[in-house]
Amino acid sequence: MVVLRAHMCPGLELQLVRDLREADISTVEELVSADLEALAQKCSVSYKALLAIRRVLLAQHTAFPVSGADLYEDLLSSTAILSTGHPRLDELLDSGLYTGELTELSGGPGTGKTQVCFGVAVHIALHLKQGVIFIDTTGGITATRLHQMLQTESSSLEEQIAALQRIHVFQLFDVFSLLDCLCSLRRSGLQPVAVGGACVRAVIIDSVSAVISPLLGTRHTEGMSLMMQVAALLKALVKDFSVAALVTNHVTRSVGGAVRPALGVSWSHLPRTRLLLEGPDRSTHSFSSLRSATLIKSSRQPCHMRVEFDLSWWSRSKEVPSAKRKHS
Amino acid sequence: MQRPVWSLPLSSAVISKLNRRGYQCTADIEHLTAGQLSTETGVKEEEASEVLDLVDHQRYPVSITALELLQREAELKPIVTFCSELDRALGGGIPLGKTIELCGVPGIGKTQLCLQLAVDVQIPECFGGLGAQCLFIDTEGTFFLERLREMAAAVVRHCSLLTEDQEQQDAMRTFTVEKILSNLFVVRCDDSMELLSQISDLPAFLSDHPEVRLIIIDSIAFPFRLHFEDLPLRTRLLLGAAHQLAALATTRNTTVVMTNQMTTRVQGEGSRLIPALGENWGHAANIRLLLQWIDCKRMATIIKSSSHMSTTVHYQINTDGFRDLSEASKRAKVQTEDQKAVGNS
C-alpha cells in the first residue's frame, strides 16, 4: 500500500493529491483500480491526464517478469559457494554455504553452534578475504577466541589483523533492534562501515531464537508476525545482495523425547538447509570435543546424512594446552 | 521491500491510527514532520515525534570490527576464583561482560564459589584484581555473613603476604574485611515477581553504582521452581530475564553469575541428573560450569563456553574458601602467578 504523494510522478500536483483524497483515493492501488472516467469528473481533471498518471505509476510499481534463461545465467554468475573451513561440515553441506540462501544450525546448549559460526567467519575473512557481518544477540562473541582461531590458521600478524577488520560485529538484544539492523543493511547495500572494506559475502546471526523465543507462545500474535518480518527481511537480503546467511537456533524437546529445532513450523520454511548438531556423549563423566551434525533439510543432499566432527579442529596446533594434557 | 509500521515498538492505538489513514510502511512517514503527522492521523504531537524518531535512519545500530572488540576485551581483567586450575582453564578467571551459570547438586559448593567471587572482585588493582563492588541477590536465604567474613579475612591475609612495594602497602591500609563487607550490596528476593522486578531495576542500579562489576543471583532456579504451574510462561519469563541480563552484561562490562539446581531426567531404563529449568534455559548463559562429585572428589567442568575448551578440574572448599585440591603444592604456583599479575598491572 503506497500512499499518493505530490510529485511522485509528472502530473501529480499537490492540488490533485488533495482532490483525490477527498474522493477517497489515497493510495496508488486505489488510483490504479478506480474508474478513471468518474474520477476525472469528480476531480475536474482531464481523463487523459489521469490515464498518463496511471501508466507511469504502474510502470514505477510493477514487478517485471524475467525469463528463466536470464535467471539461470544470473544465478551462475552470482552464486558462490563459501567453505565453512571444516572439511566434515563441507561434506554435509555439499561443499559449503551457498550465497543467495539461508542455512540454519540448530542444537542444544554446548553443542558447538557458536564455534561453527566463529569458524565460518574466520575462514571467510582470512582465506576468502571477504567481509562478514556477525550479529550477536546472546553476548557470546569473544574476539579473543576469533583471534585464537586466526592464529591456528595463519601465522602472519598482518593477515590476522586484516581478517579481524573484515568481521563486523553488531551486538543487539531485542527483535526491534534486529529489524532496524537488517533494514539498515539492506538500505545501505551491506556496507556497514565505509572504510575501504572488502565486499560482504556472509551474514551470520547467533542466535535468532534468543530474540524471538520470548515473544512466541502468548495469546497475542505479534511475536509470530515479528518473526515472519525477520524472515522476510533476511530472505530479501540474501537474494538482493548474493550473500550467504547462517543463523543459529535453539532446540526443543517434543513429547517423545526427540529433539527438534525451535521457532516452529512457520520458521522452518525459511532456511534452505538445516543442520542439527548433537552434543558430546554425556553418559561418561569426561567431556570430549566430538560432535555430530545431521542434515535435516536440504535440497541437494539426501536428508538424515550424518557426520561426526571435532570442535578442536579450530584449535589444532603444535602445542597442546596444558589443561588438556593434565586430564587426557 | 518496505518495513511495515506494525513492526515498530509502538502502542497498538498509535499503529491503528496510522493504518487507518493509509500509512502502512515507514517509507510513507519518513518525509513528514511531527505536526503534519499529528494533523493527518490524529495522534498526539509527542507520539508523532516518537514515531518519527523510530523511523529516523541515524539511530540504526552501529557495528564495530572484531579488531576493536579484541582491543576492548584486552582491557578487561578477569575475576580470579583462587582455584588456579579453574582460573587457567578459564583463561585467567571468570571473564567480565559474560553471563555464567553454575549448576550442581546441593552442597557441592555453588554458594561458596559465589561468596568467593564476591570477595575476589574487590581485590585492589595493584594486586592484579578489579577493585570493584558486587551485588548479591539472595533468593534462597543461603547468604551467611560469617562465612563471607572468613573468606574476606583469608583473602586479606593472602594479599598482605604478597605486599612488596609502596603502592600495595597503601592499598592494604584500606583493603580490610570491613571495607570488603561495605562494598558488597545484598538484596533478598522472596519470589519470582520480586526477582524479575529486581532484574528490571538493574540498569538503574548500575547507573547509580558504576563501580559494581559483578552481579550474583543465588539461585535463579529456586523462585521459579516453587509454585509455578504454567511452564510455558515460566520459560518465557526466564528467557526474557536471561536476555535482559545478557544485554546488561555486555553493555556495562559486568559479569552476571547465576546458580541453578539439578533435576532428574528419566530416560528409558535409567535416569540422570541434568540442570534444572528446562531445555530452553540451557541456552541462556554464555558459560556453564557444572560442579559435581566424581569418586568422592569435587570437580568443576566447563560444559558450555564459546571461548574455552571443555575441561574438568578438581577443587576443594576449606576454611579459606574456594581453593585448589592440593593447596600446599599449589601455593607456590599461585604466588608466582599473582606476582606475574602484579608485574603486568
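Residues numbered from 1 in each chain as written. Chains lettered and ligands numbered in written order. Predicted model: local features only at pLDDT ≥ 70, side-chain atom pairs only at ≥ 80, totals over all residues. Heavy atoms only, no water.

**Some points on the overall build of chain B**
Step number 1: Along its length, chain B carries 14 helices and 12 strands.
Step number 2: By principal-axis analysis of the C-alpha atoms, chain B measures approximately 80 × 60 × 35 Å.
Step number 3: Counting every position in chain B, which comprises 345 residues, the buried fraction comes to 55%.
Step number 4: In chain B, the proportion of contacts linking residues at least 24 apart, taken out of those at least 6 apart, comes to 64%.
Step number 5: On chain B, the mean spot of the 33 positive side-chain charges and the mean spot of the 43 negative ones are 5 Å from each other. (Helix = DSSP H or I, 4+ residues; strand = E, 2+ residues; numbered from the N terminus. Buried < 20%, exposed > 50% of the residue type's maximum accessible area, 1.4 Å probe, protein only. Contact = heavy atoms within 4.5 Å. Lys, Arg positive; Asp, Glu negative; His and termini not counted. Charge placed at Lys NZ, Arg CZ, Asp CG, Glu CD.)

**Details of empty space enclosed by the protein**
A probe as big as a water molecule, rolled over the atoms, marks out the empty space that is left.
Residues and elements named next belong to chain B.
Step number 1: All told, the structure shown has 6 cavities of 30 Å³ or more when counted by the stated rule.
Step number 2: Its boundaries defined by the atoms lining it, the largest cavity holds a volume of some 110 Å³.
Step number 3: Considering each element in turn, the lining of the largest cavity owes the most residues, 4 residues, to helix α13 (residues 231-252).
Step number 4: Of the residues assigned to the lining of the largest cavity, the class counts are 6 nonpolar, 6 polar and no charged. (1 Å grid on protein atoms, 1.4 Å probe; cavity = no way out; pocket = protein on both sides within 12 Å on 5 of 7 lines; lining within 4 Å. Points joined across faces, edges and corners; volume = space filled by probe spheres on them. Nonpolar A, V, L, I, M, F, W, Y, C, P; charged D, E, K, R; others polar.)

**Looking at the sheet that holds strand β4 (residues 184-188) of chain B**
All names here are of chain B.
Step number 1: Taken together, 9 strands build an open sheet; the order of strands is β4-β3-β5-β6-β2-β9-β10-β11-β12 and the sheet is mixed. Both edges of this open sheet fall to β4 and β12 (321-323), since each of them pairs with a single strand only. Taken pair by pair, the neighbouring strands of this sheet meet at an average axis angle of 25 degrees, ignoring direction.
Step number 2: Two elements, strand β9 (residues 287-294) and strand β10 (residues 297-304), share 7 bridges in a ladder whose sense is antiparallel. Considered in β10, the bridge of Ile294 is made with Lys297.
Step number 3: Seen against the sheet, helix α8 (residues 145-162) touches β4, β11 (312-318) and β12 and runs at an angle of roughly 50 degrees to β12. (Pairing = 2+ DSSP bridges. Axes fitted to C-alpha atoms, helices over the stretch in contact; angles between N-to-C directions.)

**Re the confidence of the model for chain A**
Step number 1: Averaged over all residues, the pLDDT of chain A equals 85, while 92% of them reach at least 70.
Step number 2: Predicted confidence for residues 318-328 of chain A stays below pLDDT 50, and this span has 12 contacts to residues more than four positions away or in other chains. (pLDDT = per-residue confidence, 0-100.)

**Here we look at the interface of chain A and chain B**
Step number 1: If you look at the interface, chain A gives 71 residues, while chain B gives 64 residues.
Step number 2: When chain A packs against chain B, close to 5,700 Å² is buried across both sides, 60% of that on carbon and sulfur atoms.
Step number 3: Here chain A and chain B share 2 salt bridges between them.
Step number 4: Linking chain A with chain B are 16 residue pairs in polar contact (both at pLDDT 80 or more), by the criterion used here.
Step number 5: Residue contributions to the side of chain A that touches chain B peak at 9 residues, all from helix α10 (residues 175-187) of chain A.
Step number 6: For the side of chain A that touches chain B, the class distribution of residues is 33 nonpolar, 27 polar and 11 charged.
Step number 7: One ladder, built from 2 bridges, connects strand β5 (residues 167-171) of chain A with strand β1 (residues 64-65) of chain B; its direction is antiparallel. Of the residues in β1 of chain B, the one forming a bridge with Val169 of chain A is Ile64 of chain B. (Buried area = accessible area lost by both parts, 1.4 Å probe. Salt bridge = Lys/Arg side-chain N within 4 Å of Asp/Glu carboxyl O. Polar contact = N/O pair within 3.5 Å; in protein donor to acceptor, adjacent residues only side chain to side chain.)

**Details of the packing of α10 of chain A against helix α12 (residues 222-241) of chain A**
All names here are of chain A.
Step number 1: Two elements in contact, α10 and α12, have axes whose closest approach is 10 Å; the angle formed by their N-to-C orientations is 20 degrees. Overall, the two elements α10 and α12 adopt an arrangement that is roughly parallel. When you trace α10 past α12, the crossing you get is left-handed. On α12, the residues that touch Val175, Phe176, Leu178, Leu179, Leu182, Cys183, Leu185 and Arg186 of α10 are Leu226, Gln229, Val230, Leu233, Leu234, Ala236, Leu237, Asp240 and Phe241.
Step number 2: Among the residues forming the contact of α10 with α12, the class breakdown is 14 nonpolar, 1 polar and 2 charged. (Parallel < 35°, antiparallel > 145°, perpendicular 65-115°, else oblique. Left-handed = near helix turned anticlockwise from the far one by under 90°.)

**Digging into the sheet that holds strand β12 (residues 306-310) of chain A**
Step number 1: Strands sit in the order β12(A)-β11(A)-β10(A)-β3(A)-β7(A)-β6(A)-β4(A)-β5(A)-β1(B) across an open sheet of 9 strands; the sheet is mixed. Two strands lie at the open edges of the sheet, namely β12 of chain A together with β1 of chain B, each paired on one side alone.

**Some details on the nonpolar core**
Step number 1: The biggest cluster of nonpolar side chains holds 51 residues, and the ones touching the most others in it are Ile79, Leu86, Phe127, Phe175, Leu214 and Ile216 of chain B.
Step number 2: Apart from residues lying up to four places away in sequence, Leu214 of chain B is in contact with Ile79, Leu117, Ala118, Val121, Gln133, Cys134, Leu135, Thr254, Thr255 and Val257 of chain B.
Step number 3: Judged by nonpolar contacts, the second largest core, of 43 residues, contains Leu93, Ile141 and Ala244 of chain A together with Ile64 of chain B. (Core = buried A, V, L, I, M, F, W, Y, C linked by side-chain atoms within 4.5 Å.)

**Here's the deal with the pairing of strand β6 (residues 255-260) of chain B**
Residues and elements named next belong to chain B.
Step number 1: By the criterion of burial, β6 is predominantly enclosed, with 6 of the 6 residues buried.
Step number 2: Of the two faces of β6, the one lined by Thr255, Val257 and Thr259 and the one lined by Val256, Met258 and Asn260 are each fully buried.
Step number 3: In this sheet, β6 lies alongside strand β2 (residues 99-104) in parallel orientation, the contact comprising 5 bridges. Residue pairing in the sheet places Ile100 in a bridge with Val257 of β6.

**Thoughts on α12 of chain A**
Residue and element names in this part refer to chain A.
Step number 1: Taking 1.5 Å per residue, 20 residues should reach 28 Å; α12 reaches 28 Å between its end C-alpha atoms and fits that length.
Step number 2: Of the positions making up α12, those classed as buried are Gly223, Leu226, Met227, Gln229, Val230, Ala231, Leu233, Leu234, Ala236, Leu237 and Val238.
Step number 3: Along its buried surface, α12 packs onto β3 (102-107), α10, β6 (200-206), α11 (208-212), β7 (244-249) and α13 (264-268).
Step number 4: Ser242 sits one or two positions beyond α12 and adopts a positive phi of about 50 degrees. (Expected span 1.5 Å × (residues − 1).)

**Brief notes about the pattern of salt bridges**
All names here are of chain B.
Step number 1: One pass over the structure, following the stated rule, counts 17 salt bridges over all chains.
Step number 2: Two residues, Arg173 and Asp170, come together in a salt bridge whose shortest N-O distance is 3.0 Å. Residue Arg173 and its partner Asp170 are located together in helix α9 (residues 166-174), separated by 3 residues, close to a single helical turn.
Step number 3: The class of Asp170 is partly exposed, set by a relative accessible area of 36%.
Step number 4: Between Arg265 and Glu279 there is a salt bridge whose closest N-O contact spans 3.5 Å.

**Digging into the side chain of Arg291 of chain A**
Residues and elements named next belong to chain A.
Step number 1: If you trace the backbone, Arg291 turns up in strand β11 (residues 290-297).
Step number 2: There is no salt bridge for the buried Arg291, and the closest opposite charge comes from Asp310, which lies 7.1 Å off by N-O distance.
Step number 3: Apart from the residues within four sequence positions on either side, Arg291 is in contact with Gly110, Thr111, Gly112, Glu278, Gly279, Pro280, Val307, Glu308, Phe309 and Leu311.

**What to know about the side chain of Thr41 of chain B**
Residue and element names in this part refer to chain B.
Step number 1: Secondary-structure assignment places Thr41 in helix α3 (residues 34-41).
Step number 2: At 2.7 Å, the side chain of Thr41 and the backbone oxygen of Leu37 are in polar contact.
Step number 3: Discounting chain neighbours no more than four positions away, the residues touching Thr41 are Lys17, Leu18, Arg21 and Tyr23.

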